[in-house]
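What follows is each chain in one-letter form.
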Amino acid sequence: AVWEAIRAAGPYGAAYAHKVGMLVEDQDAEVRYQACLALAGMGHEAVPYLTIVRRLLSDKAEIVRYGACAALGGLGASKCAEDVAALLSDSSIEVQGAACWALGKMGHEGRHSADAVAKRLREPRCRLKALQALALMGPRGAAPFCEDIVDCIADDDADVRAAAAAALAHVAEP
């Protein structure tokens, strides 16, 4: 409940960034994961912990790698884009999806990985996050993959269909 409250506070929880930042190195994987998620919404107050969070991308715990992607994406840590892109081939589909989303949040630097993100559209459990990432990348990120995105309009999952429609809308942005 405490973690949920800190995450819900978003930038208002930034006053606790120092305490939360220390927990990204906790021995318990669940604590490291929750700390990453909390840092993701704290804005510039969490920047001092980027180096530590970046190291968590290679954590042995899947949930921690997922959380690290969420934190780096939430903070728009574009200097970490290459490291996050490496997780597009992680053994965990969930981590791959988190890496997609994080790259979408990283602007221009994330866009360099649009091709690798688009390849994740082939994986049903990663498709939603890949579509969200392509939409976040805007026309330059999504436009080259219009056909792949259109194919997702017929997906069985309503969330995937909605994300595909949103990604297509971003293709038309000026």
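Below is a short write-up of the structure. (Residues numbered from 1 in each chain as written. Predicted model: local features only at pLDDT ≥ 70, side-chain atom pairs only at ≥ 80, totals over all residues. Heavy atoms only, no water.)

**Brief notes about the overall build of the protein**
Now for step 1: The helix and strand inventory of the protein stands at 13 helices and zero strands.
Now for step 2: Walking the protein from its N terminus toward its C terminus, one meets helices and strands in the order α-α-α-α-α-α-α-α-α-α-α-α-α.
Now for step 3: Radius of gyration (C-alpha) of the protein: 16 Å, near the 16 Å computed for a compact globule of 174 residues.
Now for step 4: Seen through its principal axes, the protein has C-alpha atoms that stretch 45 × 35 × 30 Å.
Now for step 5: Expressed as a percentage of contacts within the protein between residues at least 6 apart in sequence, the contacts between residues at least 24 apart total 61%. (Helix = DSSP H or I, 4+ residues; strand = E, 2+ residues; numbered from the N terminus. Rg over C-alpha atoms; globule rule 2.2 N^0.38 Å. Contact = heavy atoms within 4.5 Å.)

**Details of the side chain of Asp-59**
Now for step 1: Residue placement: Asp-59 occurs in the loop between helix H4 (50-55) and helix H5 (62-74).
Now for step 2: Look at Asp-59 and you get buried, because its relative accessible area is 13%.
Now for step 3: In this structure the side chain of Asp-59 is engaged in a polar contact, spanning 2.8 Å, whose partner is the backbone nitrogen of Ala-61.
Now for step 4: Leave out the neighbours within four places in its chain, and Asp-59 touches Arg-32, Val-64 and Arg-65. (Buried < 20%, exposed > 50% of the residue type's maximum accessible area, 1.4 Å probe, protein only. Polar contact = N/O pair within 3.5 Å; in protein donor to acceptor, adjacent residues only side chain to side chain.)

**Comments concerning the packing of helix H10 (residues 127-136) against helix H13 (residues 158-171)**
Now for step 1: Viewed as axis vectors pointing N to C, H10 and H13 meet at an angle of 20 degrees, and their least axial separation amounts to 8 Å. The orientation of H10 with respect to H13, classified from their angle, is roughly parallel. The way H10 lies across H13 gives a crossing that is left-handed. Counted together, Arg-127, Leu-128, Leu-131, Gln-132 and Ala-135 of H10 and Asp-159, Val-160, Ala-163, Ala-164, Ala-166, Ala-167 and His-170 of H13 form the full contact between these two elements. (Axes fitted to C-alpha atoms, helices over the stretch in contact; angles between N-to-C directions. Parallel < 35°, antiparallel > 145°, perpendicular 65-115°, else oblique. Left-handed = near helix turned anticlockwise from the far one by under 90°.)

**Some remarks on the nonpolar core**
Now for step 1: Among the nonpolar cores identified, the biggest contains 57 residues, and Leu-72, Val-84, Leu-103, Val-117 and Leu-134 are the most heavily contacted of them.
Now for step 2: In terms of residue count, helix H7 (residues 93-104) provides more of this core than any other element does, seven residues in total.
Now for step 3: Sequence-distant contacts of Leu-134, that is, excluding residues within four places in its chain, are made with Ala-114, Val-117, Ala-118, Leu-121, Gly-141, Ala-142, Phe-145 and Ile-149. (Core = buried A, V, L, I, M, F, W, Y, C linked by side-chain atoms within 4.5 Å.)

**Quick word on the packing of aromatic side chains**
Now for step 1: For the structure shown, the criterion picks out one aromatic pair.
Now for step 2: For the pair Tyr-33 and Tyr-66, a centre-to-centre distance of 6.4 Å together with 55 degrees between the ring planes defines the contact as tilted. Highlighted residues: Tyr-33 in helix H3 (residues 29-40) and Tyr-66 in helix H5, separated in sequence by 33 residues.
Now for step 3: For Tyr-66, a relative accessible area of 27% puts it in the partly exposed group. (Phe/Tyr/Trp six-rings, centres within 6.5 Å; stacked < 30°, edge-to-face > 60°.)

**Looking at the packing of H7 against H10**
Now for step 1: One way to put it is that H7 packs onto H10 with a least axis distance of 7 Å and a crossing angle of 10 degrees. Taken together, the axis directions place H7 and H10 in an arrangement best described as roughly parallel. Taken together, the residues of H10 that come into contact with H7 (itself represented by Gly-97, Cys-100, Trp-101 and Gly-104) are Lys-129, Ala-130, Gln-132, Ala-133 and Leu-136.
Now for step 2: In the contact of H7 with H10, the residues fall into five nonpolar, three polar and one charged. (Nonpolar A, V, L, I, M, F, W, Y, C, P; charged D, E, K, R; others polar.)

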